[in-house]
Amino acid sequence: MTMRAQTFSKYWRLLTMSWQDGLVYRMSVLMWRVRRFLAALMSLTIWSTIYASSQTGATPFGYTQSAMISYIFLVSLMQNIVMATALNGLAQDVYTGQISNQLLKPVSLTGYLVMQELADKLKNTSAMVFEFAALFLIFKPELVFPTVGIVFLFAVWTVGAIILNFCISLLFGCLGFWSPETWAPRFLFYTLLQFAAGQLFPLDVLPTLVQKIMYATPLPYLSFVQTQLFLGKLDGAAQLRHSLTLLVWILVLGLLAQFIWKKGLKDYDAAGR
Amino acid sequence: MTDTPLISVKNLSKHFKVYKKQPGLWGSIKSLWHREYETVKAVDGISFDIHEGEIVGFIGMNGAGKTTTLKMLSGLLYPTTGTPSVLGYNPWERKAAFQKQFALVMGQKNQLWWDLPAIETFHLNKAIYEIPDEQFEKTLNKLVKLLDVEDIIQIQVRKLSLGQRMKCELIAALLHNPKVLFLDEPTIGLDVVMQKTLRDFIKAYNKEFGATIILTSHYMDDVKELCERAIIIDHGKKIFDGKLQDIIDKYARNKILSLVFSKSVTKKDLAAFGTVKEFSEDGTHYTATLLVARKEAATTASKVLSKLPVVDVTIEEPPIEAIIREVFSKEKAKK
Amino acid sequence: MRMMEYRTDFVFWLVVSLMWTGFNYFFISLIFGKSTNVYGWSYDELLIVLSLFTMIDALTWSVFYNNMIEYTNAVFNGELSKHLLRPVNTIFVLTTQKISYNNVPRFIIGLIVLVSTAIKLDVSVSLFDLLLVTLLFICGMVFIYSGWFILATLSLWVEKLQNINDIMPGFRQVYQVPRQVYTGITAFTFTFIFPIALITSLPGEVITGKNPPLSLILYFIGATTGMALLAKAFFAYSIRKYSSVGG
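For clarity, every value in this text was computed on a predicted model and none was experimentally measured.

Conventions we followed
Residues numbered from 1 in each chain as written. Chains lettered and ligands numbered in written order. Predicted model: local features only at pLDDT ≥ 70, side-chain atom pairs only at ≥ 80, totals over all residues. Pairing = 2+ DSSP bridges. Helix = DSSP H or I, 4+ residues; strand = E, 2+ residues; numbered from the N terminus. Axes fitted to C-alpha atoms, helices over the stretch in contact; angles between N-to-C directions. Contact = placed C-beta atoms within 7 Å. Buried ≥ 20, exposed ≤ 12 C-beta atoms within 10 Å, placed from the backbone. Nonpolar A, V, L, I, M, F, W, Y, C, P; charged D, E, K, R; others polar.

Draft legend 1. A look at the sheet that holds strand 10 (residues 254-261) of chain B. Residues and elements named next belong to chain B. Taking strand neighbours across the sheet as the criterion, the four strands line up as 11-12-10-13 in an open arrangement whose pairing is antiparallel. Both outer strands of the open sheet, strand 11 (275-281) and strand 13 (310-316), are each paired with one neighbouring strand and no more. With direction set aside, neighbouring strand axes in the sheet form an average angle of 15°. Sheet analysis places strand 10 next to strand 12 (residues 286-293), joined by eight bridges and oriented antiparallel. Bridge pairing in strand 12 places isoleucine 256 opposite leucine 291. Running over the sheet, helix 11 (residues 297-307) touches strand 10, strand 12 and strand 13 and is turned about 170° from strand 13.

Draft legend 2. Spotlight on the environment of threonine 60 of chain C. Residue and element names in this part refer to chain C. In this structure, threonine 60 sits in helix 2 (residues 43-76). Looking at threonine 60, the number of C-beta atoms within 10 Å reads 20, which means it is buried. Sequence spacing of threonine 60 and phenylalanine 12 is 48 residues, and the spatial spacing of their C-alpha atoms is 18 Å. If we skip the residues at most four places from it in the chain, threonine 60 touches Tyr65 and Ile144.

Draft legend 3. How the structure looks around the interface of chain C and chain A. On the side of chain A, 25 residues touch chain C, which itself brings 30 residues to the contact. Those elements that place two or more of their residues in the side of chain C that touches chain A are helix 1 (2-31) and helix 7 (167-170) of chain C. Sort the elements by how many residues they give to the side of chain C that touches chain A and helix 1 of chain C lands first, with eight residues. Partitioning the side of chain C that touches chain A into residue classes produces 19 nonpolar, seven polar and four charged.

Draft legend 4. Representation of the sheet that holds strand 5 (residues 102-106) of chain B within the structure. Residue and element names in this part refer to chain B. Here we have six strands laid out as an open sheet, ordered 5-6-7-3-8-9, and mixed in their pairing. The open sheet has two edge strands with one neighbour each: strand 5 and strand 9 (237-243). With direction set aside, neighbouring strand axes in the sheet form an average angle of 15°. Of the strand pairs in this sheet, strand 8 (residues 229-234) and strand 9 are connected by six bridges, and their pairing is antiparallel. Note that in strand 9 the partner of isoleucine 233 across the bridge is lysine 238. Each of strand 3 (55-59), strand 5, strand 6 (180-184), strand 7 (212-216) and strand 8 touches helix 2 (residues 66-74); the most contacted strand, strand 6, lies at about 150° to it. Across the sheet, helix 9 (residues 244-251) is in contact with strand 3, strand 8 and strand 9; its angle to strand 9 comes to roughly 100°.

Structural data, given as structure tokens:
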């Protein structure tokens, strides 16, 4: 009982400190939000225009205007929840030996990173509420709320996407054990992700072959399948299939990250000697 | 009881494979399947025992392997050979019970959260090390008084001076009353007064808590004042282990007299007092350094003062590098 | 060694550039899979705008990004004063230290698509039009530079604004499409208040013979001049404050 309380207070303290640390530079946070907001605003504007200028009632790509706007709205929301991560600098921290601080203390490094990530998510999502309220008022997407069961599954999948992104970030962090070149691979990945996770257009407008390739990667599970679920495009079989795939990806990438971290720590040089 | 060493190291080595990395992204991609490397023996078969309550100084030049040894004793690095035992634990396993009993302070690394006041990190450590409220209050008060930092622990760390920050680093590391303390260059970059303050503090901590301390330093004075025992490491190997005074008596027979004169003196005048190491005059400044016998340093200095037009004089220990070079060359000659 | 590093960097940027460009063109062709005309722009005409965007964006990354980072870093670690002591025009020194050639391939891709599409469309561009396009292109660059510079200069006022340099690139998406995309409040914002939507639209309209209103062209040139002067004044004002604090 007391032990559990101590562990709780340990991680609670980490969470609140990470939160405070993030808020020291309010302007900086604001700038980041401005940028995210602009990205969502642009996507919505462009799609509105495309539909406005095509014949009324036309449904390019099998999406009606309101379906498309709802999609873009949802996917932007998902991107904001899932992609923002506190672990961008992890590889750098590994390379420079900054993680030594956590390794020396009776606290789990993973637990520590999870708290940082959580604080960052809280910060971003609380700012997001206002932004998306504004976007909602401007573009008025028709969001039909699915059944409670689906909403629940949607929430579970969203948490799954966050965990998946966390595992991917951990894997990128491992790079720091062996290479100072930590920025470029990440950048390349996120550039690819912009398209492959369905940020600019729904993946189902792509040729079938391309879609098949996409689904062989974890990328659609970072936001796209969630939006499809919410928009009621997945039947029971698909729901089950995607649930299992998401779970498998988390397990595979999670175990892989754990394995590589163990290996990395043996090669760790704590920066210099 | 005191016969079992607290820290025991046998044949400890750490070899780093240094990849001959091709630079750039492509290079690192290529190195995924093909890499060439060379082995650097940072620590190469070191053995020693340290008993409870000892303060031991690790002396060695840059890259000699001092810090690598400390990092292995802390569980940060995975040894290539040998398993050190600290407090009966294998550090690499990073058991919480072990981590709660030791601390590593690195002069060039900081654990304090840069953008928050130091007190926040103290509270975090309280939670992480599961320090009871009462003990935390007591230790914190004591440390804060000892180091005279009451006013600064509420200020954002990044606004503190290097010396102030180092003091707070020490507090953060000592809040859980570690039995074993590793200090890596704790006084680096600090001014003389601050160095002295920290030294006094370390000594006091050792007395009060009976803590075992290993310290590495560049400054001979640090080691001389704090450590009875010194271990000299060079190129990853231990080349001396024993009383520091022995090394000083044996190898540092001289002290250095630095002199500034008000007007020109001749080299000959100086040679009467000791070996002239440096001598310069440019018409306005006249300076010289003399090597004089350790035991006669004080008397010689006063003689110089009375005979020559001296403006300023200081007596210094020879730099650590000079002593090591001497030890190394003599130990080698013996073999 | 150093050369090697540059080369791998170059390869990396080449890959990213190609991906970016490829995806952008793909996106446009996707839209036009079903409709033939978006707000009066045909597929080929949109390619012209996208090519102009690609060229401007490539130059932005090559010339501005590194330098603005250098500039704000100099503010953070207090090295700005060093530059202020030099006798050369401070702004110039600050923002021309580092030019990377990583994005040159992208610029060339943009230029090739621009020229080939223009030929395909069989547009007739007079010498005057060509000069006007060049002028507008330069205005666009100056406008982005000035806006970015003003933002970066904010770091003299607010503590630690490292990500200030992400803001201007955040606006890139706005001038990736013609100004007609915007309606209502966004149109007013991006064509009048902060006319970044004009950066690629105006030269694009000149090339495709859409004859943009002269008043709008004059307005953009005026706005750019104003922005540049504002950047200069804001810098001078900020520096005065900075120097007095830094002592």
